[in-house]
Amino acid sequence: MTDQPSLLELVGAVKNFLEHHAMPELKGQTAFHARVAANALAIVERELTLGPKAMAEEKARLVALLGGDGTLDELNRRLCAHIREERVGLDTPGLAAHLEQTARDKLAINQPDYSGLNAA
Amino acid sequence: MSDFQFALTRTLAKALPGFEHATSITRLSGGASQETWAIDAVMFGVNHPLILRRSPDGKERALDTSHQIGLATEAVVIETCREAGVPVPRVRCVLQSKDGVGSGYIMDRLPGETTPRKILHDTAFDEIRPLLARQCGEVLASIHQVDVSALRTILPVQDGPALLRRYRDIYDAHDYPHPVFELAFKWLEPRLAGTGLQTLVHGDFRHGNLLISPRGIEGILDWELAHIGDPLEDIGWLCTNSWRFGVAGKVVGGFGDLQDLVAGYQASGGGEIDLEQVKNWIVYGSLKWGVMCMGMYQSFRADHSVERAAIGRRAVEAESDLINLIIHGKI
């Protein structure tokens, strides 16, 4: 148990400082990089909010696809090896749906405005 | 006046007929090893806007060296293209090491914009925007018809299989799992198996390197990735979703339709275009962009730039585009 404020609130406070106090004082490249920095903090906020559920579900799908267990990193590496060795492919039931859901969840965290899967 | 400006002025005096003086020498942009400078030079009493592209210590960019041609070679490619009617800035002089201003070259500074936001959204471009896809087709046809016999000794041959191997090696070296990229490599291997076509390829034909004014395409810039290979690589890269800057419905650079590009290409003698093969090259484009995003993370670990950190997280946009292309068959 840590103290208040929460991580999410701390990140929000720094982002708010950047956007509403620092950026109006900045110019040129530094102002641009402050904008990028604020956007990076927005990714942190979204990952704190959406990440745990998305990653738990990703792990459950990988276990269902591959069997066995492991960390998310280990499971993803195993899936990569399976695709490379052609033991798993687009004709494997559940693979396409898994990849699409994973990309959807990652987009929601990293680039919610990207045109990518909106039309899909 | 700094040593650099003094040496540069001396170089200009030697290289440019009728050179009188430079009214301004301004650094525009660039990283640690490659710089762009805007120069206003008075020649025969008339002001000439020029650009200097140089690497100060004579070294080429550290990143990606195996793929990049040197600045002096780039100047030769640009001049060969200009003589063949490709819109490119005229090269005025190639720097010699004895000039003391690094390696690089000086060229004309053409009018126009390269910023995608302006080209895609500013009202000044409203009239020309619907014509740009066709113009891109015309320009690409002219690039792909350049006689490469003289360039063969200075440019690498990079066809589909070679490029795929190259990006597979880079992906493997990053050692981070992206199942979608694995799938895309598998999907592309039989499809980019080599068409036998070998033309001049610009290698980075997209927003940022297309100088566009309200009159149309003024010039094609940044030839450092030029090579000999499959001409459809240029078309696929221009149509990669990441270069549409949010206007996904306009397949060509976010400003136009593929059929207009094809019409311009064929009208300018570029020949038939296999649309299925263009799609394969778009898949390659998204995969390449995804691997480039992974590379941004490697650079970030060296310089801790917040901009590179943010681009690292864009690998997922390539993943989502690859899913649209491979699983849903949607360009």
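What you are looking at is a predicted structure, and each value in this text was computed from that prediction instead of being measured.

A.B. asks: Tell me about the interface of chain A and chain B, residues and numbers included.
C.D. replies: Each partner contributes to the interface: chain A provides 32 residues, whereas chain B provides 32 residues. For the pair chain A and chain B, the summed buried area comes to about 2,800 Å², and 62% of that belongs to carbon and sulfur atoms. Counting the contacts that link chain A with chain B gives six salt bridges. A salt bridge links K186(B) to E86(A), with the nearest nitrogen and oxygen atoms 3.2 Å apart. For the interface between chain A and chain B, the tally reads 13 residue pairs in polar contact (both at pLDDT 80 or more). Put simply, the parts of the chain that give the side of chain A that touches chain B at least two residues each are helix 2 (28-66), helix 3 (72-84) and helix 4 (95-110) of chain A. With nine residues, the top contributor of residues to the side of chain A that touches chain B is helix 4 of chain A. Residue classes in the side of chain A that touches chain B are distributed as 19 nonpolar, six polar and seven charged.

A.B. asks: I'd like a rundown of the packing of aromatic side chains, residues and numbers included.
C.D. replies: All names here are of chain B. Considering all chains together, one arrives at nine aromatic pairs over all chains under this definition. Plain terms: the ring middles of W243 and F245 are 6.1 Å apart, the flat faces sit at 45 degrees to each other, and that makes the pair tilted. Overall, the relative accessible area of 37% leaves F245 in the partly exposed class. Feature note: the residues W237, W243, F245 and W289 constitute an aromatic cluster, connected by ring pairs. Against the face of F4 rests R54, its NZ or CZ located 4.0 Å from the ring centre. For K288, the ring lying beneath its charged end belongs to W237, and the centroid distance is 4.2 Å.

A.B. asks: Tell me about a nonpolar patch on the surface, residues and numbers included.
C.D. replies: Residue and element names in this part refer to chain A. Together, L7, L8, L10, V44 and L48 make up an exposed nonpolar region whose accessible area comes to about 410 Å². In terms of residue count, helix 1 (residues 7-22) provides more of the nonpolar patch than any other element does, three residues in total. Within the secondary structure, L8 is located in helix 1. Among the residues examined, L8 registers a relative accessible area of 37% and is labelled partly exposed.

A.B. asks: Describe the nonpolar core, with residues and values.
C.D. replies: All names here are of chain B. One finds V77, L200, F205, W223, I235, L261 and L287 to be the most contacted residues of the largest nonpolar core, which totals 93 residues. Here this core takes 10 residues from helix 9 (residues 275-303), the largest share from any one element. Shared between two domains, this core takes at least three residues from each, and those domains are domain 1 (21-108) and domain 2 (116-327). Setting aside anything within four residues of it in sequence, one finds F205 in contact with C136, V139, L140, I143, L210, I220, D234, W237 and L238. Formed by 17 residues, the second largest nonpolar core is a distinct cluster that contains F4, A7, L12 and F19.

A.B. asks: I'd love a proper account of the packing of helix 3 of chain A against helix 6 (residues 179-191) of chain B, names of residues and values included.
C.D. replies: At their nearest, the axes of helix 3 of chain A and helix 6 of chain B sit 9 Å apart, and the two run at 5 degrees to each other. Judged by the angle between their axes, helix 3 of chain A and helix 6 of chain B are roughly parallel. Between helix 3 of chain A, through N76(A), L79(A), C80(A), I83(A) and R84(A), and helix 6 of chain B, the contact on the second element is made entirely by P179(B), E182(B), L183(B) and K186(B). Residue classes in the contact of helix 3 of chain A with helix 6 of chain B are distributed as five nonpolar, one polar and three charged.

A.B. asks: Explain the environment of L238(B) to me, and be specific about the residues and the numbers.
C.D. replies: Residues and elements named next belong to chain B. Checked against the element boundaries, L238 lands in helix 7 (residues 232-238). It is 16 Å that separates the C-alpha atoms of L238 and G216, two residues lying 22 residues apart in sequence. If we skip the residues at most four places from it in the chain, L238 touches C136, L140, F205, R206, L210, W243, V251, V252, G253 and L261.

A.B. asks: So what about unusual backbone geometry? Which residues, and what values?
C.D. replies: Q4(A) connects to P5(A) through a cis peptide bond whose omega is 5 degrees. Within the secondary structure layout, P5(A) lies in the segment before helix 1. The backbone phi angle of D175(B) is positive, close to 50 degrees, even though this residue is not glycine. Tracing the chain through its elements places D175(B) in the loop between helix 5 (160-174) and helix 6. Using a relative accessible area of 49% as the deciding quantity, one classes D175(B) as partly exposed.

A.B. asks: Describe in detail the layout of surface pockets, supporting the description with residues and values.
C.D. replies: Looking at the second largest pocket, its volume works out to about 1,100 Å³. If you trace the second largest pocket, you find 38 residues lining it, with K106(A), N110(A), Y176(B), H178(B) and R313(B) closest to the centre. Secondary-structure elements contributing two or more residues to the lining of the second largest pocket are helix 2, helix 3 and helix 4 of chain A together with helix 5, helix 6, helix 9, helix 10 (306-312) and helix 11 (315-327) of chain B. A total of eight residues in the lining of the second largest pocket trace back to one element, the largest contributor, which is helix 2 of chain A. Considering only residue class, the lining of the second largest pocket consists of 21 nonpolar, eight polar and nine charged.

Rules used throughout
- Residues numbered from 1 in each chain as written.
- Chains lettered and ligands numbered in written order.
- Predicted model: local features only at pLDDT ≥ 70, side-chain atom pairs only at ≥ 80, totals over all residues.
- Heavy atoms only, no water.
- Contact = heavy atoms within 4.5 Å.
- Buried area = accessible area lost by both parts, 1.4 Å probe.
- Salt bridge = Lys/Arg side-chain N within 4 Å of Asp/Glu carboxyl O.
- Polar contact = N/O pair within 3.5 Å; in protein donor to acceptor, adjacent residues only side chain to side chain.
- Helix = DSSP H or I, 4+ residues; strand = E, 2+ residues; numbered from the N terminus.
- Nonpolar A, V, L, I, M, F, W, Y, C, P; charged D, E, K, R; others polar.
- Phe/Tyr/Trp six-rings, centres within 6.5 Å; stacked < 30°, edge-to-face > 60°.
- Buried < 20%, exposed > 50% of the residue type's maximum accessible area, 1.4 Å probe, protein only.
- Lys NZ or Arg CZ within 6 Å of the ring centre and 35° of its normal.
- Patch = residues over 30% accessible without salt bridge, like charges linked within 9 Å, V, L, I, M, F, W, Y side chains within 5 Å.
- Areas by Shrake-Rupley, 256 points an atom, 1.4 Å probe, with all protein chains shown as cover.
- Core = buried A, V, L, I, M, F, W, Y, C linked by side-chain atoms within 4.5 Å.
- Domains from an automatic or database assignment.
- Axes fitted to C-alpha atoms, helices over the stretch in contact; angles between N-to-C directions.
- Parallel < 35°, antiparallel > 145°, perpendicular 65-115°, else oblique.
- 1 Å grid on protein atoms, 1.4 Å probe; cavity = no way out; pocket = protein on both sides within 12 Å on 5 of 7 lines; lining within 4 Å.
- Points joined across faces, edges and corners; volume = space filled by probe spheres on them.

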